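One letter stands for each residue in the lines below.
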Amino acid sequence: MSKTANKLSSKAPAKKRDAASADIAAALHGILADTFVLYMKTHGAHWNIEGPNFHSLHLLFEGQYNELWLALDPLAERIRALGDYAPHSFAEILKRAALKECKGGGKPAEMLDDLLKSQESLVANLHKAARLAQEAGDEVSAGMLLARIEVHDKQAWMLRASLK
Ligand SMILES: [Fe+2]
């Protein structure tokens, strides 16, 4: 068992539990912010994609941005359940996001490549956040984060396959 294991268990001192919850909430804030930025990038790609594969990519992006949008609420509400406040402005989302906003424009391959790199970055951060939650014994947050990895791996695969 790691040093940090069971920090969130009822037997752990309240201060330790609170500290672990704050760390996990901070990690969830980063994941939520990146999911929001990726949602916007993907919806923007849906609107602005051009070229011979317009229709299939337009639909691919639609499926992905709808999933990303629906993922925001459970992440934000988990932050609230851990005792922190959820973001309340675009400024806060952008401040907490590791991903950079899309500048707009670009050829289809550039859009796909940017979305793919964003997905891969989010997966890397999800692994770190899930590990943090697991080490703290917060199985609910860990489960939520691991489920997100599965979704992003699948979305990344579809983007990667579209680039070939
Ligand atoms: Fe649309």
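All values reported here derive from a predicted model rather than from experimental measurement.

### Re the packing of helix α2 (residues 54-81) against helix α5 (residues 139-162)
Here is step 1: Two numbers describe how α2 lies on α5: the axes approach to 12 Å, and their chain directions differ by 165°. With respect to each other, α2 and α5 are oriented roughly antiparallel. Note that α2 runs across α5; the crossing there is left-handed. The residues of α5 that touch α2, namely those facing L57, L60, Q64, E67, A71, P74 and R78, are S141, M144, R148, V151, Q155, M158 and S162.
Here is step 2: Within the contact of α2 with α5, the residues separate by chemical class into seven nonpolar, four polar and three charged.

### What to know about the environment of D18
Here is step 1: With respect to the element layout, D18 can be found in helix α1 (residues 14-48).
Here is step 2: By C-beta crowding, D18 is classed as partly exposed, having 15 other C-beta atoms within 10 Å.
Here is step 3: The sequence separation of D18 and G83 amounts to 65 residues, and the corresponding C-alpha distance is 8.5 Å.

### Some points on the environment of D138
Here is step 1: The topology assignment puts D138 in the loop between α4 (108-135) and α5.
Here is step 2: The buried category is assigned to D138, around which 25 C-beta atoms lie within 10 Å.
Here is step 3: Distance in space between the C-alpha atoms of D138 and A20 is 8.8 Å, their sequence separation being 118 residues.

### Here we look at α2
Here is step 1: Between its terminal C-alpha atoms α2 stretches 41 Å, which fits the 40 Å expected from 28 residues at 1.5 Å a residue.
Here is step 2: Among all positions of α2, only L57, L60, F61, Q64, Y65, L68, A71, L75, R78 and I79 are buried.
Here is step 3: Following α2 by one or two positions, G83 adopts a phi angle in the positive range, close to 100°.

### Notes on the packing of α4 against α5
Each pair of packed helices can be summarised by the angle the axes make with each other and by the distance between the axes.
Here is step 1: Taken N-terminus to C-terminus, the directions of α4 and α5 make an angle of 160°; their axes are 9 Å apart at the nearest point. By the angle between their directions, the pair α4 and α5 is classed as roughly antiparallel. Here the hand of the crossing between α4 and α5 comes out left-handed.
Here is step 2: Counted by class, the contact of α4 with α5 contains 15 nonpolar, seven polar and four charged residues.

### Structural notes on the environment of V37
Here is step 1: Inspection of the secondary structure assignment puts V37 in helix α1.
Here is step 2: Judged by C-beta crowding, with 23 C-beta atoms within 10 Å, V37 ranks as buried.
Here is step 3: Separated by 57 residues in sequence, V37 and L94 place their C-alpha atoms 7.6 Å apart.
Here is step 4: Here V37 is in contact with A97, L99 and E101, once residues within four sequence places are set aside.

### Quick look at the nonpolar core
Here is step 1: Membership of the largest hydrophobic core comes to 38 residues, with the highest contact counts inside it found for I24, L28, I31, L32, A129, A133 and L145.
Here is step 2: For this core, the secondary-structure elements that each account for two or more residues are α1, α2, α4 and α5.
Here is step 3: The greatest single-element share of this core, amounting to twelve residues, is contributed by α1.
Here is step 4: With sequence-adjacent residues up to four places away left out, A129 is seen in contact with A27, L28, I31 and L145.

### Here we look at the confidence of the model for the protein chain
Here is step 1: Overall, the prediction assigns the protein chain a mean pLDDT of 93, with 91% of residues at 70 or greater.
Here is step 2: Confidence drops under a pLDDT of 50 for residues 1-6, and excluding neighbours within four residues, the segment shows nine contacts in the predicted structure.

About the criteria used
Residues numbered from 1 in each chain as written. Predicted model: local features only at pLDDT ≥ 70, side-chain atom pairs only at ≥ 80, totals over all residues. Axes fitted to C-alpha atoms, helices over the stretch in contact; angles between N-to-C directions. Helix = DSSP H or I, 4+ residues; strand = E, 2+ residues; numbered from the N terminus. Parallel < 35°, antiparallel > 145°, perpendicular 65-115°, else oblique. Left-handed = near helix turned anticlockwise from the far one by under 90°. Contact = placed C-beta atoms within 7 Å. Nonpolar A, V, L, I, M, F, W, Y, C, P; charged D, E, K, R; others polar. Buried ≥ 20, exposed ≤ 12 C-beta atoms within 10 Å, placed from the backbone. Expected span 1.5 Å × (residues − 1). Core = buried A, V, L, I, M, F, W, Y, C linked by C-beta atoms within 7 Å. pLDDT = per-residue confidence, 0-100.

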